[in-house]
Amino acid sequence: MQYREIKKTGEKLSLLGFGCMRFQTKLSGKQYSRLIDIEKAKKQIFHAIDLGINYLDTAYPYHFGASESFLGEHILCTPYRQKINIATKLPCYLINDKKSIEKYFLAQLKKLNVECIDYYLLHAIELRTYEKMKSFGIIEFMNKIKKEGKIRNIGFSFHGAKDEFNKIIDDYDWDFTQVQYNLLDEQFQAGIDGIKYASSKDMGVIIMEPLRGGSLVSKIPQEVKNIYVSAKEQRTPAEWALKWIADKPEITMILSGMNTMEQIDENCKILSTSYPNSMTEEENKKTTEVKKAYEKLLKVRCTECSYCMPCPAGINIPATFKNYNSYYLFSKSRAKMQHMIYSGFRTADGKAHWVNSCINCGKCEKVCPQKIEIRKELKSAGKVLENYFYKTLAGIIRTIS
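Residues numbered from 1 in each chain as written. Predicted model: local features only at pLDDT ≥ 70, side-chain atom pairs only at ≥ 80, totals over all residues. Heavy atoms only, no water.

A. Summary view of the overall build of the protein chain. For the protein chain, the helix and strand inventory stands at 16 helices and 10 strands. Here the protein chain has a C-alpha radius of gyration of 21 Å; the compact-globule value for 401 residues is 21 Å, and the two agree. A total of 401 residues make up the protein chain; the buried ones form 57% of that total. Restricting the contact set of the protein chain to residue pairs at least 6 apart, pairs at least 24 apart contribute 76%. Carbon and sulfur atoms make up 52% of the accessible area of the protein chain, which amounts to about 17900 Å² in all. Placing the 61 positive and 46 negative side-chain charges of the protein chain at their respective mean positions leaves the two points 5 Å apart. (Helix = DSSP H or I, 4+ residues; strand = E, 2+ residues; numbered from the N terminus. Rg over C-alpha atoms; globule rule 2.2 N^0.38 Å. Buried < 20%, exposed > 50% of the residue type's maximum accessible area, 1.4 Å probe, protein only. Contact = heavy atoms within 4.5 Å. Areas by Shrake-Rupley, 256 points an atom, 1.4 Å probe, with all protein chains shown as cover. Lys, Arg positive; Asp, Glu negative; His and termini not counted. Charge placed at Lys NZ, Arg CZ, Asp CG, Glu CD.)

As structure tokens, then:
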């Protein structure tokens, strides 16, 4: 396994990290075992650690709260604990007062069955959420638990707008961050510019959604298949996607939600030999062709440059078009769910801003480099992405968060 160092701390992490959100499931007696096939998950994690993976990534809500409990009872209580780092996340979206911060943190320590969490993140942060957490004293709390030895490294997973990322980075002495990045999301959210900025601060950069929830390896358009087949060296779609990310020297780790032995073996093999700046000119040309092929298939040729933002009506235009494209290219249900998240509650002000919020001002179209008829395309996107169920669900989530 290849390891990369976080300059700020000197710690070395395996290039491949194990995401604990997509374990195989089955029904059984206890709450968490109804959701997780314990024996299969144990074998897979132990196998991954034996292959050199030294980072397990979980979070409070994974497997409806069962992921942390599973790890605490079946993994972290074994000698394997000495070989791995455990990462989990504070559920900021559930916190509405200062006392709740410590309550959830102590609950996570208990569920994980550890005295110290190696990598602790503020979960799903954007600038609005971060400012809310600061008002509850999160900075003082993080400093306190780190000084007490209850956590070793502090970071955040980012789900906000591009212009918010650097502001959060500069506001605290973070050890690492976690961002979404893949072949199709080079400019999404933090994007490659954010990744480079975090790296310039000597922070660790951990990548999530490297295969875009499996979309880049499953429902592949024929046009993309033809490009892969034409390459001199034949590789799987997963190998192309992972090597493209690993080629960036700013990236410390790539998380993968693996749930079969075959996935673990394949990903370990790929990332054991994927070094920074090692892709050839021919290989980079092929990945560029793949990106362009996907772009030609898009319903809307949005490059997510965000020149159209902020929208006076609060609509997240780039995210809406991203999910509109995903609806036709990949998974309809996943696209609707993502649209609900970024339009229904994960917004700049925490309020819902659906497509019909558009005030028809046209400011977005005046600055769009792609000359997209944004108002027209937003209406088309709304017809397939929005319905009563998702709007109601978003309202419930806003209420409890």
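After that view, the rundown keeps rolling.
B. Structural view of the sheet that holds strand E3 (residues 16–19). The strand order around the closed barrel built from eight strands is E3-E4-E5-E6-E7-E8-E9-E10, with neighbouring strands paired in parallel fashion. Strand-to-strand twist of the sheet, defined as the mean angle between neighbouring strand axes without regard to direction, takes the value 30°. For strand E8 (residues 176–180) and strand E9 (residues 204–208), the ladder comprises five bridges, and the chain directions are parallel. What sits directly across from Gln178, in E9, is Ile206. Seen against the sheet, helix H5 (residues 138–147) touches strand E5 (85–90), strand E6 (117–125) and strand E7 (151–158) and runs at an angle of roughly 145° to E7. On top of the sheet, helix H6 (residues 162–171) reaches E6, E7 and E8; it is set at about 160° to E7, its chief contact. (Pairing = 2+ DSSP bridges. Axes fitted to C-alpha atoms, helices over the stretch in contact; angles between N-to-C directions.)

C. Representation of the packing of aromatic side chains. Here the structure, examined in full by the defined rule, presents 19 aromatic pairs. An angle of 35° between the planes, with centres 6.3 Å apart, marks the rings of Phe18 and Phe23 as tilted. Judged by relative accessible area, Phe18 falls into the buried class, the value being 0%. Accessibility expressed as a relative area gives 4% for Phe23, which makes it buried. Ring centres of Tyr181 and Trp244 lie 5.2 Å apart, and the angle between their planes is 20°; on these two criteria the pair is classed as stacked. Residue Tyr181 is located in the loop between E8 and helix H7 (191–200), and its partner Trp244 is located in helix H9 (residues 237–246); the two are separated by 63 residues in the primary sequence. (Phe/Tyr/Trp six-rings, centres within 6.5 Å; stacked < 30°, edge-to-face > 60°.)

D. Focus on the pairing of E3. Here E3 shows two buried faces, one formed by Leu16 and Phe18 and the other by Gly17 and Gly19. Where E3 lies against strand E10 (residues 253–256), three bridges are found, and the strand directions are parallel. Along E10, the bridge assignment pairs Gly17 with Leu255. Of the pairings in the sheet, the one linking E3 to strand E4 (residues 55–57) comprises two bridges and is parallel in character. Note that in E4 the partner of Phe18 across the bridge is Leu56.

E. Representation of the pairing of E8. With respect to burial, E8 is a largely interior element, five of its five residues being buried. Covered by surrounding structure in E8 are Phe176, Gln178 and Gln180 together with Thr177 and Val179, the residues of both alternating faces. In this fold, E7 hands off to H6, which returns the chain to E8; that crossover is right-handed. One crossover worth recording links E8 to the parallel E9 by way of H7, and it is right-handed. (Right-handed = clockwise from strand over helix to strand, strands pointing away.)

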